[in-house]
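So you can see what is in the structure, the chains are spelled out below.
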Amino acid sequence: AHDPPPPEASSLFPAKMESKYATFESGGGVSAAVASALSNAGFDRPTLVQAQAIPHVRGHINPRNDHVVIAGPTGSGKTLAYLAPILSKLLESETTTTTNTRKRALILCPNVALARQVFEVAEAIVSNSPEEHPIRALGVQL
């Protein structure tokens, strides 16, 4: 598994994560299909940042255009904290019968390096899953 080392313990990042966040699926906000794809890509359990952020991100993917701010040190899992619930929402969306297309997500990044990082994480999640896995239908484009 590719779990990054935990950030230094502080008031924002407690030294121990509650057991209810032992898996992506049990923390809420990530569908079983995405949890399976994350496992295929080597992400077996959420980091502290992901366990705390994913349910909030999932709760804010809505028409009200609410915002969620995720802060944490490098390597704390911020990219996956917003990418996993977005992928879950996309998998749940119905394919429209008139155009035979699915909903899509556009992730804007402030620089090329971050855009490449987001792309590589998304591509790893999709490409490490078997051909018949539902996440393969999403595809990833940069």
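For the structure, check the block above.
An account of the accompanying structure is given in this report.

### Some thoughts on the overall build of the protein chain
- Within the protein chain, the regular secondary structure consists of 4 helices and 0 strands.
- Within the protein chain, contacts between residues at least 6 apart in sequence are counted, and of these 64% link residues at least 24 apart.
- Working note: accessible area of the protein chain is about 8,900 Å², and carbon and sulfur atoms make up 54% of it.

### Examining the nonpolar core
- Core analysis: the biggest nonpolar cluster contains 19 residues, and F24, V30, V34, L38, L80, I125 and I135 have the highest contact counts within it.
- Within the residue set of this core, elements represented by two or more residues are helix 1 (32-40), helix 3 (78-92) and helix 4 (112-127).
- The dominant element in this core, judged by the number of residues it contributes, is helix 3, at 5 residues.
- Those residues in contact with I135, other than ones at most four positions away along the chain, are V34, A37, L87, L91, I125, V126 and S129.

### Some points on the side chain of Q50
- Relative to the helices and strands, Q50 resides in helix 2 (residues 48-59).
- Excluding anything up to four places from it in sequence, Q50 contacts F24, R45, P55, G77, L80 and A81.

### Topic: the packing of helix 1 against helix 3
- It is at 8 Å that the axes of helix 1 and helix 3 come closest, and there the two elements cross at 130°. When the axes of helix 1 and helix 3 are compared, the pair comes out oblique. Note that helix 1 runs across helix 3; the crossing there is right-handed. Contact residues: A33, V34 and L38 in helix 1; L80, A84, L87, S88 and L91 in helix 3.
- Looking at the contact of helix 1 with helix 3 residue by residue, the class counts come to 7 nonpolar, 1 polar and no charged.

### A look at the pattern of salt bridges
- Going through the model one piece at a time under the given rule, you end up with 2 salt bridges.
- Across the pair E92 and R58 runs a salt bridge whose closest N-O atoms are separated by 2.5 Å. Of this pair, E92 sits in helix 3 while R58 sits in helix 2, and the two are 34 residues apart along the sequence.
- Under the relative-accessibility criterion, E92 is labelled partly exposed at 43%.
- On the accessibility criterion, R58 (18% relative accessible area) is buried.

The rules behind each value
- Residues numbered from 1 in each chain as written.
- Predicted model: local features only at pLDDT ≥ 70, side-chain atom pairs only at ≥ 80, totals over all residues.
- Heavy atoms only, no water.
- Helix = DSSP H or I, 4+ residues; strand = E, 2+ residues; numbered from the N terminus.
- Contact = heavy atoms within 4.5 Å.
- Areas by Shrake-Rupley, 256 points an atom, 1.4 Å probe, with all protein chains shown as cover.
- Core = buried A, V, L, I, M, F, W, Y, C linked by side-chain atoms within 4.5 Å.
- Buried < 20%, exposed > 50% of the residue type's maximum accessible area, 1.4 Å probe, protein only.
- Axes fitted to C-alpha atoms, helices over the stretch in contact; angles between N-to-C directions.
- Parallel < 35°, antiparallel > 145°, perpendicular 65-115°, else oblique.
- Left-handed = near helix turned anticlockwise from the far one by under 90°.
- Nonpolar A, V, L, I, M, F, W, Y, C, P; charged D, E, K, R; others polar.
- Salt bridge = Lys/Arg side-chain N within 4 Å of Asp/Glu carboxyl O.

By themselves these figures say nothing about function.
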